[in-house]
Amino acid sequence: MKIRQTLVRALAASSLGLTVTAAGIMTATTAQAYDKSTTNISCSAVKVHKSPAKNATTVGIAYKGDKILYDQWVYKASEKTWYTRGKVTRKHDGAKIYGYMIYRCANPYGTNPAPTPPIPK
């Protein structure tokens, strides 16, 4: 009897886990990863957000010339906006901030104007 209860609980937990995972996949934004690399912030200032959204919590501000070690970019379809994810090291105080920035301010092409990636289908 005890083994059956344990088995039923394990089955229910795994079913719940699969449901949550499937729901997360269906609502996720399109993300593309690429090799980690370092570049500089090209805008005078950019907010670093906790998640890829304009209304997401701001975890800090990065300034022009600050270094960023980026590791992913994300297209937010509802905003029609690209974001870059990475860790910013600020020059003026050495603070390290990890989060998402607008792509045009933290692009993989350094401080040169970068072409925006194509919109995912």
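These figures come from a predicted structure and were not determined experimentally. (Residues numbered from 1 in each chain as written. Predicted model: local features only at pLDDT ≥ 70, side-chain atom pairs only at ≥ 80, totals over all residues. Heavy atoms only, no water.)

## Things to note about the state of the cysteines
Let me state the cut-off plainly: Sulfur atoms of two cysteines make up a disulfide when they are within 2.5 Å. Runs of E in the DSSP output that reach at least two residues are strands. Runs of H or I that reach at least four are helices, and both are numbered from the N terminus. Burial classes follow relative accessibility: with a 1.4 Å probe on protein chains only, a residue under 20% of its type's maximum area counts as buried, one over 50% as exposed, and anything between as partly exposed.
Counted by the stated rule, this structure contains 1 disulfide. What pairs with C43 in a disulfide is C105, and their sulfur atoms sit 1.9 Å apart. Disulfide C43-C105: torsion about the S-S bond near -80 degrees, hence left-handed. Of the two residues, C43 is situated in the loop between β1 (30-40) and β2 (45-49) and C105 in the segment after β6 (96-102); the sequence distance between them amounts to 62 residues. A relative accessible area of 3% places C105 in the buried class.

## Topic: the side chain of D71
Inclusion rule: Side-chain atoms alone can form a polar contact between residues adjacent in sequence; in general such a contact is a pair of N or O atoms within 3.5 Å, and within protein one must be able to donate a hydrogen while the other accepts it.
With respect to the helices, strands and loops of the structure, D71 is situated in strand β4 (residues 67-76). Of the polar contacts made by the side chain of D71, one reaches the side chain of R85; its length is 3.0 Å. Here Y98 takes part through its side chain, which lies 3.3 Å from a polar atom of the side chain of D71.

## Digging into the nonpolar core
For clarity, the cut-off: Put simply, a nonpolar core is a bunch of buried Ala, Val, Leu, Ile, Met, Phe, Trp, Tyr and Cys residues held in one set by side-chain atoms that sit within 4.5 Å of each other.
I41, C43, V46, V48, A62, I68, Y70, V88, I97, M101, C105 and A106 together form the largest nonpolar core, which totals 12 residues. When residues of this core are traced back to their parent elements, those giving at least two are β2, β4 and β6.

## What to know about the pattern of salt bridges
For the record, the criterion: The salt bridge definition used is simple: a Lys or Arg side-chain nitrogen within 4 Å of an Asp or Glu carboxyl oxygen.
On inspection of all chains with the given rule, the structure shows 2 salt bridges. Two residues, R90 and D93, come together in a salt bridge whose shortest N-O distance is 2.7 Å. Looking at D93, the relative accessible area reads 42%, which means it is partly exposed.

## A closer look at the environment of S42
Relative to the elements of secondary structure, S42 occurs in the loop between β1 and β2. Looking at S42, the relative accessible area reads 19%, which means it is buried. The spatial distance from the C-alpha of S42 to the C-alpha of K67 is 9.8 Å, given a sequence separation of 25 residues. Of note is the side chain of S42, whose polar atom sits 3.2 Å from the backbone oxygen of R104.

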